[in-house]
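Coordinate analysis (summary)
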Amino acid sequence: MMNEQIFKQLSQLLSSIDDEVYSYYKNSLPIFINYVNSAIQAREDVSILVGLNSFELVKQNHENHANFMYTIFLTRDVKSIHDTYIWAYKTYHAKGFDFRYFYLELIAWKESFELNNKKLLMPIIELYNYLISLHDYFVQHAMSTALEIPKNINENIYSNFLDAILKPDLTEAISISKTFIKTDEDIKKFWQYIILPALYSIGNKWANAEISVGEEHMATSICQRVMAEHYPKIISYIDDKKNILITTSPNELHEVGARILADILELNGYNVTFMSANSTLQEKFDIIELEEIEFVLISTTIVSNIVKTKELVTQIRDKFKHNTPIIIIGGQAFNENSDANTFVKADYLIRNINELLNLLKKTL
Ligand code: B12
């Protein structure tokens, strides 16, 4: 089956999910999630379906699924639904889930809608019927898709660094970075061409069940420590060029990308305030006012957080009206999705740091 055909069909099905349907869906989410949790847990073959994984992980997966679908109903992003299903089949199969689990899960979602309000939820039921019919296609593609790692400029340093964060050996990782970094330009290179691909590779290893969540955490915190080690050099470049707030979207725990962005902007003389997803909306408002922020950059990694990003953009606009800073969104959630900004409605969707630096330069 051609992707084009699938995209067309998905797009048609998504277009019939209107405001009334998705508001109802959103309000009834806990009911649907409970139904699917119970339906899977009650099966005699549950241990074959989910392997050695805890049922907590299964429940978390159902919650992620429901939030992801809600985002998709709003964004109508067919490429994202297509790629994410293949990604989920691939990743969770590598962690011991039987492919049949995904099929049975889709059936359980469909049943939960039918039992709840078959008439109103018919457009969603039809979408699920189609997804169920794509099960074999998802399995085939999950078996053949390799996740992509950006090309590296310095193979040796990259692979030594990757080994060090996997070991884990913090001292070795710091020492590799210190040998490499001689100028401020080298900091940018190390962040972009060593740390970034190393973390993408860690993500692939986690997705392929080659490493545990604990090892992934450890590798990430070593990268953060390496970045912190060089921070004193970075601060010396800050030059009040423009006041920028960088934050991750609410619920987004991935923050290294946003930190890399913050460091590189500071190296270019911008005055950056970084706020993690833990910061409250009021704290963000206060910083925008206090620091006279001119640009707000929001980083989003997982697709299901795109709705949260949109909410944050709207809240900032509602609060600051005609004094709203320029809002720029970016991050992996938008990588494959050129239309996402018609939904989020930020001032700009930007894909990489060079593009961002060019835009900021233009507005100086
Ligand atoms: C480390 C990590 C975690 C850590 C994060 C810790 C931390 N303090 O940041 C933890 C363990 C918490 C985590 C949790 C999860 N993770 Co995780 N994680 C990763 C990993 C390995 C690295 C992330 C990272 O730092 N990348 C490196 C940075 C530098 O790259 P970047 O974010 O893309 O940023 C660059 C650009 O995108 C751009 N950019 C970023 N933001 C912005 C903003 C603007 C305005 C602009 C202009 C540019 C820009 O500039 C940056 C620098 O070049 C990735 C693998 C990957 N591919 O990234 C998986 C990954 C992102 N995680 C994934 C998943 C599934 C999850 C979980 C759902 C897993 C789970 N079941 O628990 C949760 C979700 C938690 C949540 N609610 O956010 C998936 C996402 C898949 C998908 N299709 O959505 C990935 C891709 C792993 C994989 N291969 O499957 N994760």
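No experiment lies behind these values; they were computed from the predicted model shown.

**Here we look at the packing of aromatic side chains**
Aromatic rings considered in pairs are described by the distance between their centres and by the relative angle of their planes. With the rule as written, the count across this model stands at 20 aromatic pairs. Note on Tyr137 and Phe138: the rings are 5.9 Å apart at their centroids and 65° apart in plane angle, and the pair reads as edge-to-face. Of the two residues examined, Tyr137 and Phe138, each falls in the buried class. Taken together through their ring pairs, the aromatic side chains of Tyr85, Trp87, Tyr89, Tyr92, Phe97, Phe99, Tyr101, Phe102, Tyr137 and Phe138 make up a single cluster. Above the plane of the ring of Phe343 lies Lys310, whose end atom (NZ or CZ) is 4.7 Å from the centre.

**Things to note about the domain arrangement of the protein**
Domain boundaries in the protein define domain 1 (3–144), domain 2 (155–232) and domain 3 (237–362). Each of domain 1 and domain 3 was reduced to a C-alpha centroid, and the two centroids are 30 Å apart. Counting residues at the interface gives 10 residues for domain 1 and 7 residues for domain 3. The contact between domain 1 and domain 3 buries some 770 Å² in all, and 68% of this surface belongs to carbon and sulfur atoms. There are 0 salt bridges connecting domain 1 and domain 3. Those elements that provide at least two residues to the side of domain 1 that touches domain 3 are α5 (55–75) and α6 (78–94). If you tally residues by element for the side of domain 1 that touches domain 3, the top one is α5, at 6 residues. Taken together, the residues of the side of domain 1 that touches domain 3 break down into 3 nonpolar, 4 polar and 3 charged.

Each value, and the rule that gives it
- Residues numbered from 1 in each chain as written.
- Predicted model: local features only at pLDDT ≥ 70, side-chain atom pairs only at ≥ 80, totals over all residues.
- Heavy atoms only, no water.
- Phe/Tyr/Trp six-rings, centres within 6.5 Å; stacked < 30°, edge-to-face > 60°.
- Buried < 20%, exposed > 50% of the residue type's maximum accessible area, 1.4 Å probe, protein only.
- Lys NZ or Arg CZ within 6 Å of the ring centre and 35° of its normal.
- Domains from an automatic or database assignment.
- Contact = heavy atoms within 4.5 Å.
- Buried area = accessible area lost by both parts, 1.4 Å probe.
- Salt bridge = Lys/Arg side-chain N within 4 Å of Asp/Glu carboxyl O.
- Helix = DSSP H or I, 4+ residues; strand = E, 2+ residues; numbered from the N terminus.
- Nonpolar A, V, L, I, M, F, W, Y, C, P; charged D, E, K, R; others polar.

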